[in-house]
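Spelled out, the chains give:
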Amino acid sequence: MNYQNPTEQGYYGQFGGAYIPEMLHGNVAELHQQYLSIMKEPTFIKEFKLLLKDYVGRPTPLFYAERLSAEFNTNIYLKREDLCHTGAHKINNTIGQILLARRLGKTRIIAETGAGQHGVATATVCALKGMECIVYMGEKDIERQAPNVARMKMLGAKVIPATSGSKTLKDATNEAIRDWINHPNDTHYIIGSVVGPHPYPDMVARFQSIISEEIRIQLNAKTGSELPTHVIACVGGGSNAAGAFYHYLNEPTVQLVAVEAAGHGVNSGMSAATTQLGKPGILHGSKSLVMQTEDGQVVEPHSISAGLDYPGVGPLHANLFQSGRGVFLSATDDEAMEAAFHVSKTEGIIPALETAHAFAVLGKMNLKPSDVVVICLSGRGDKDLSTYMMAMNEGLY
Amino acid sequence: MSRLQKIFELKKQNVLNVYFTAGYPALNDTLTIMESLASNGADIIEIGMPYSDPLADGPVIQESSSKALLNGMNMKLLFKQLADCRKNVLLANTGIVLMGYMNPVMQYGFEQFCADAASVGVDGLILPDLPEFEFEHEYGAIIRKYGLNFIFLVTPETSSERIKHLDQLSEGFLYAVSASATTGGATNFEMVEKYLLRLQSMKLKNPLMVGFGIKDKESFDAACKNANGAIIGSAYIKELGKMNDIALTTQQFLKPIIGN
């Protein structure tokens, strides 16, 4: 099976497709017809790579984590996406999509955001290119993530609260899609993860694939082989994992480990471990695994990290799960918090709460001294400082 | 000939289709609303199956869906409520169409859903997020097996070639969305007229029903000028939300629209 490229209709195995109302057909079809040819244009590639280098700060380092390696008696490398401009991998995708939007002649950009990282990354590239930017964000998330709301506003974006449903990421995505329905000509929707109707999952995965493209080169320089034994990444929608896995998807010796947010525990009723709790369904325009009631109503997940707090998962990942190509683990809120503090003290890197989930499974993996493990350090922890401070004030860490 | 086709055979103009959300305003209002609609001039009744994430809907229908779900509406209950509806003389010849989203239908079991819908006397289905590729390769055959008519949507942005294709796949009628918008928005009928004239000139096989933004006599008449009829949704839901007597509310709402 080819795990990397979806079919013409956007299917990875049984997952994917474009389950959209007719009102979105024009926009999605235009994107479908043009994204691959635009992404292959030499001028596009040149502009994209130059911005990744001079603006984002790529390539991001691959860092040998000596003390963590000693602790787990193995070899651990950290792919430092936290060092990207705006503090996470999200900007790899927004740079790509803003360049694509301009080539499509769009003048208005919309985006959804949960914790605000993708919103900030979108507002940033809109400022860079002088485009109008509207970010939909759940009313609850606006309250929880005030610093990122302020960042977006300072960057010139308009932040519109999503007041429908549960007022979080899922509803912000609904509102962004409704906005797109109402603006069929001038607007491009920059989706932040490998979700949504085809071609979004494939397009976003391709923009994020720079992560594993660099890992292969950097790992080869350090170890003499491009292939690690394991790649570990956290998964909400799954964009950083898609990027870190991408150039290893068809390398069967590389174990791909996706870590979902278990919240209070997979079976607690307060979890976001979609592959464990979800059933095949349709959310936000694609068929994937979806957390839902018996009646097919989408349920509100829970995770301490807003970036993993999503009731679906990208169709690429649903296929990795179903086919057995990917190993899906999970970490609870508490395990992620503990890992965040541990990584901070051990390696001098404060990770985002999302990223901390990826570190939290190291102890569950029976790693060997000969193993070479790459962890995608998808974002830095500045945005989670208030959560970390609360934990410290409670004397937990 | 299906019941929907008969309706358009008998009445070529001013066909009135009214939408309501099942389970709203109260869980067991379904039949009362349907009887009221049928006795006040509705030729077709479109029953919304509430969903947590209705992408194509504006705030009014979203809120009615959330409320309906809170009230406890689900598909099994809806089919139970509809079980004897065709025995009701008022509803014997009324078109009944179910409108909803793919996910709840998939969870119910697509084939079981079609079987149960057909057995209670449903005529047609509108599932806006079922794309034509999946319809042609997977679901269309099941829908036809149970004698249901599937109705596709077209918009002012849909190309002529695509309109012809969707018309070929549709049965009963073709749903002409008046503007690229979610439900319940304002509509500019000068623009709609051009679009409807374009549709008419295409010699489509299905009758045309115009929906989105039809809220009163003026918009209904404007839509019907260049189509076989029109669909009213959000405006009626708003009236139902005032929680007065359903029969009276429906009568007062529809009387000026059908003009007698």
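As the structure is a prediction and not an experimental result, all values here were calculated from the model.

Chemist: Is there a simple way to think about the overall build of chain A in this case?
Modeler: A count of helices and strands for chain A gives 16 helices and 14 strands. Against the compact-globule benchmark of 21 Å for 397 residues, chain A has a radius of gyration of 19 Å, which places it among compact chains. Across its three principal axes, chain A shows a C-alpha extent of roughly 55 × 45 × 40 Å. When burial is assessed residue by residue, chain A has 64% of its 397 residues classed as buried. Long-range contacts, defined here as pairs at least 24 residues apart, represent 74% of the contacts in chain A between residues at least 6 apart.

Chemist: Help me out: how do you make sense of the interface of chain B and chain A in this one?
Modeler: Interface extent is often summarised as the accessible area lost during association of the parts. Facing the 33 residues of chain B at the interface are 32 residues of chain A. For the pair chain B and chain A, the summed buried area comes to about 2,800 Å², and 52% of that belongs to carbon and sulfur atoms. Broken down residue by residue, the surface that chain B buries against chain A is led by B:Asp53, B:Leu55 and B:Gln107, which jointly contribute 22%. For the pair chain B and chain A, the interface holds 2 salt bridges.

Chemist: Mind showing me how you'd approach the nonpolar core here?
Modeler: Counting 187 residues, the largest nonpolar core has A:Leu100, B:Phe20, B:Ile47, B:Leu98, B:Ile143, B:Phe173 and B:Leu199 as its most contacted members. Counting only domains with at least three residues in this core, you end up with domain 1 (19-51 + 90-204) and domain 2 (57-88 + 208-393) of chain A. The residues contacting B:Ile143, other than those within four sequence positions of it, are B:Phe110, B:Cys114, B:Leu125, B:Leu130, B:Phe135, B:Leu148 and B:Phe150.

Chemist: Any chance you could explain helix H1 (residues 25-40) of chain A here in plain terms?
Modeler: Residues separated by three or four positions in an α-helix point in the same direction, a consequence of the helix having 3.6 residues per turn. Residues and elements named next belong to chain A. Here H1 spans 24 Å end to end across 16 residues, near enough to the 22 Å set by a 1.5 Å rise per residue. Those residues of H1 lying buried are Asn27, Val28, Ala29, Leu31, Tyr35, Ile38 and Met39. Of the surrounding elements, those touching the buried residues of H1 are helix H2 (42-56), helix H4 (90-103), helix H8 (169-182), strand E8 (187-190) and helix H9 (200-208).

Chemist: Before we go on, may I ask you to explain the sheet that holds strand E10 (residues 255-263) of chain A in this structure?
Modeler: Residues and elements named next belong to chain A. On the basis of which strands lie adjacent, the open sheet formed by 6 strands has the order E3-E4-E14-E9-E10-E13 and mixed pairing. Looking at which strands have only one partner, the edges of the open sheet turn out to be strand E3 (62-64) and strand E13 (326-332). For this sheet the average axis-to-axis angle between neighbouring strands, irrespective of direction, equals 25 degrees. Relative to strand E14 (residues 372-377), strand E4 (residues 75-80) is paired through 6 bridges, and the arrangement is parallel. Its bridge partner lying in E14, Ile76 is registered against Val373. Contacts from helix H10 (residues 210-223) reach E3, E4 and E14, with the element oriented near 140 degrees to E4.

Chemist: Any chance you could explain the layout of surface pockets here in plain terms?
Modeler: The computed volume of the largest pocket comes to approximately 480 Å³. Lining the largest pocket are 26 residues, with A:Gln9, A:His25, B:Pro131, B:Glu132 and B:Arg162 sitting closest to its centre. Of all the secondary-structure elements, those providing two or more residues to the lining of the largest pocket are H1 of chain A together with helix H7 (132-145) and helix H8 (160-169) of chain B. At 5 residues, H1(A) tops the list of elements feeding residues into the lining of the largest pocket. Its residues assigned to classes, the lining of the largest pocket shows 15 nonpolar, 6 polar and 5 charged.

Chemist: Would you take a moment to explain helix H4 (residues 75-82) of chain B for this structure?
Modeler: Residues and elements named next belong to chain B. Considered for burial, the residues of H4 that qualify are Met75, Leu78, Phe79, Gln81 and Leu82. The buried residues of H4 occupy an angular sector of 160 degrees when the element is viewed end-on, so they sit on one face. Opposite the buried face of H4, by more than 90 degrees, sit the exposed residues Lys76 and Lys80. Elements that come into contact with the buried residues of H4 comprise helix H2 (30-39), strand E2 (44-48), strand E3 (95-99), helix H5 (102-108) and helix H6 (110-120). Where H4 starts, the residue carrying a side-chain oxygen 3.1 Å from the main-chain nitrogen of Lys76 turns out to be Asn74.

Chemist: Sorry if this is basic, but what is going on with the domain arrangement of chain A here?
Modeler: Residue and element names in this part refer to chain A. Domain boundaries in chain A define domain 1 (19-51 + 90-204) and domain 2 (57-88 + 208-393). Measuring from the centre of the C-alpha atoms in domain 1 to the corresponding centre in domain 2 gives 23 Å. On the side of domain 2, 34 residues touch domain 1, which itself brings 32 residues to the contact. Considering only the side of domain 1, the residues that lose the most area to domain 2 are Tyr19, Asn92 and Lys170, jointly responsible for 24% of the buried surface there. Here domain 1 and domain 2 share 1 salt bridge between them. Note that Glu213 and Lys49 form a salt bridge whose closest N and O atoms lie 3.2 Å from each other. Applying the counting rule to domain 1 against domain 2 returns 14 residue pairs in polar contact (both at pLDDT 80 or more). Counting only elements with at least two residues in the side of domain 1 that touches domain 2, the list comes to H4, helix H5 (117-129), H8 and H9. It is H8 that provides the largest number of residues to the side of domain 1 that touches domain 2, a total of 5 residues.

Chemist: Please clarify how the pattern of salt bridges should be interpreted in this entry.
Modeler: Two side chains that carry opposite charge are able to pair once their charged atoms sit near each other. All names here are of chain A. Evaluated as defined, the whole model comprises 31 salt bridges over all chains. Note that Lys79 and Glu214 form a salt bridge whose closest N and O atoms lie 2.6 Å from each other. Within this pair, whereas Lys79 is found in strand E4, its partner Glu214 is found in helix H10, the two being separated by 135 residues in sequence. Using a relative accessible area of 0% as the deciding quantity, one classes Lys79 as buried. Judged by relative accessible area, which is 8%, Glu214 ranks as buried.

The rules behind each value
- Residues numbered from 1 in each chain as written.
- Chains lettered and ligands numbered in written order.
- Predicted model: local features only at pLDDT ≥ 70, side-chain atom pairs only at ≥ 80, totals over all residues.
- Heavy atoms only, no water.
- Helix = DSSP H or I, 4+ residues; strand = E, 2+ residues; numbered from the N terminus.
- Rg over C-alpha atoms; globule rule 2.2 N^0.38 Å.
- Buried < 20%, exposed > 50% of the residue type's maximum accessible area, 1.4 Å probe, protein only.
- Contact = heavy atoms within 4.5 Å.
- Buried area = accessible area lost by both parts, 1.4 Å probe.
- Salt bridge = Lys/Arg side-chain N within 4 Å of Asp/Glu carboxyl O.
- Core = buried A, V, L, I, M, F, W, Y, C linked by side-chain atoms within 4.5 Å.
- Domains from an automatic or database assignment.
- Expected span 1.5 Å × (residues − 1).
- Pairing = 2+ DSSP bridges.
- Axes fitted to C-alpha atoms, helices over the stretch in contact; angles between N-to-C directions.
- 1 Å grid on protein atoms, 1.4 Å probe; cavity = no way out; pocket = protein on both sides within 12 Å on 5 of 7 lines; lining within 4 Å.
- Points joined across faces, edges and corners; volume = space filled by probe spheres on them.
- Nonpolar A, V, L, I, M, F, W, Y, C, P; charged D, E, K, R; others polar.
- Arc of directions from axis to C-beta.
- Polar contact = N/O pair within 3.5 Å; in protein donor to acceptor, adjacent residues only side chain to side chain.

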